[in-house]
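Tertiary structure, described
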Amino acid sequence: MKILHHVKPRILEYCIIIVIFVLPPIFSHAGPDFSGEKNIPSFLPFGALVFYAAVAVFLYFRTERRSDILGIFEPFSFKRILSLVYKIIVCYCALLASALFWNYAAKLSGKTELPPFMFPQSVDKRFLLCASAIVLASYEEMLFRFFLPERGLALIKSIAAAYKKSEPPVAAVIAAELIPIVLFALAHRYLGLYAVCNALCAAVILRFALYKKLHIAVLCAVH
């Protein structure tokens, strides 16, 4: 079928992105549970920042149904702004509650406790640290919350349409949603079990927030 010939390159792109950007962190060396050994936060060199920022932009433009999901054509109003602020607060509180719960669980286990946060002293390292946080959060949101699930859903719908089915199989839709969530959690495996559990909860919260029409840029900021 012609439509399946059109779908094959998109399936290949989906698989290549998983292999290049998702699988390497999953097979990284596991460190202490929930926190690293160093109390000084790491940051990316400038070249890596540019690379990950470019990848985030690429993933955004390769994602189907951007305007429908983001609601960018909806007119702004005071009521909509209040609704947006309320959703942001709820999303942030849910993420914070998850992080505190799993950190407390890790502490009870006696395996780890978050080290004190030491902010870099030099201006250039502070800039790189802040820029790294922004770029990596945006990259992860574009990859795990936006591109992978939406591309998976689009592929399933295209294949269902090729076989004259009005709706794609429910199991396939669930798989398209669960695969990025599980991959995101496993990508934090090198941080330990409790970090994986926290990432799993965060992935569900953030994906649900996108369904509630929170702008992907807002999710990047909340992340």
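Residues numbered from 1 in each chain as written. Predicted model: local features only at pLDDT ≥ 70, side-chain atom pairs only at ≥ 80, totals over all residues. Heavy atoms only, no water.

Here we take up the overall build of the protein. What the protein contains, in helices and strands, is 8 helices and 0 strands. For the protein, with 223 residues in total, the buried portion stands at 40%. Within the protein, counting contacts between residues at least 6 apart in sequence, those at least 24 apart form 83% of the total. For the protein, the accessible surface area stands at approximately 13300 Å², while carbon and sulfur atoms represent 72% of it. (Helix = DSSP H or I, 4+ residues; strand = E, 2+ residues; numbered from the N terminus. Buried < 20%, exposed > 50% of the residue type's maximum accessible area, 1.4 Å probe, protein only. Contact = heavy atoms within 4.5 Å. Areas by Shrake-Rupley, 256 points an atom, 1.4 Å probe, with all protein chains shown as cover.)

Within the largest apolar cluster, 38 residues are counted, with the highest numbers of intra-cluster contacts made by Val22, Cys91, Leu143, Phe144, Leu148 and Leu219. For this core, the element with the highest residue contribution is helix 5 (residues 123–162), accounting for 8 residues. Contact partners of Leu148, with chain neighbours within four places excluded, come to Tyr14, Ile18, Val22, Leu143 and Pro180. (Core = buried A, V, L, I, M, F, W, Y, C linked by side-chain atoms within 4.5 Å.)

The next thing to look at is the confidence of the model for the protein. Confidence in the prediction of the protein, expressed as mean pLDDT, is 81, and 82% of residues score 70 or more. Confidence, expressed as mean pLDDT per element, reaches its minimum in the protein at helix 3 (residues 66–70) with 49 and its maximum at helix 6 (residues 170–186) with 94. (pLDDT = per-residue confidence, 0-100.)

It is worth spelling out the pattern of salt bridges at this point. Note that side chains of opposite charge can pair when their charged atoms are close. Scanning the entire structure with this criterion turns up 5 salt bridges. Salt-bridge contacts for Arg62 lead to Glu13; the nearest nitrogen and oxygen are separated by 2.9 Å. Separated by 49 residues along the polypeptide, Arg62 in the loop between helix 2 (46–61) and helix 3 and Glu13 in helix 1 (residues 2–26) bring together distant segments of the chain. On the basis of relative accessible area, Glu13 is assigned to the buried category, the value being 15%. A salt bridge links Glu141 to Arg145; the nearest nitrogen and oxygen atoms lie 2.7 Å apart. You can see Glu141 and its partner Arg145 sitting in helix 5, 4 residues apart, about one turn around the helix. Both residues of the pair, Glu141 and Arg145, count as buried. The network of salt bridges with shared partners includes Glu13, Arg62 and Arg151. (Salt bridge = Lys/Arg side-chain N within 4 Å of Asp/Glu carboxyl O.)

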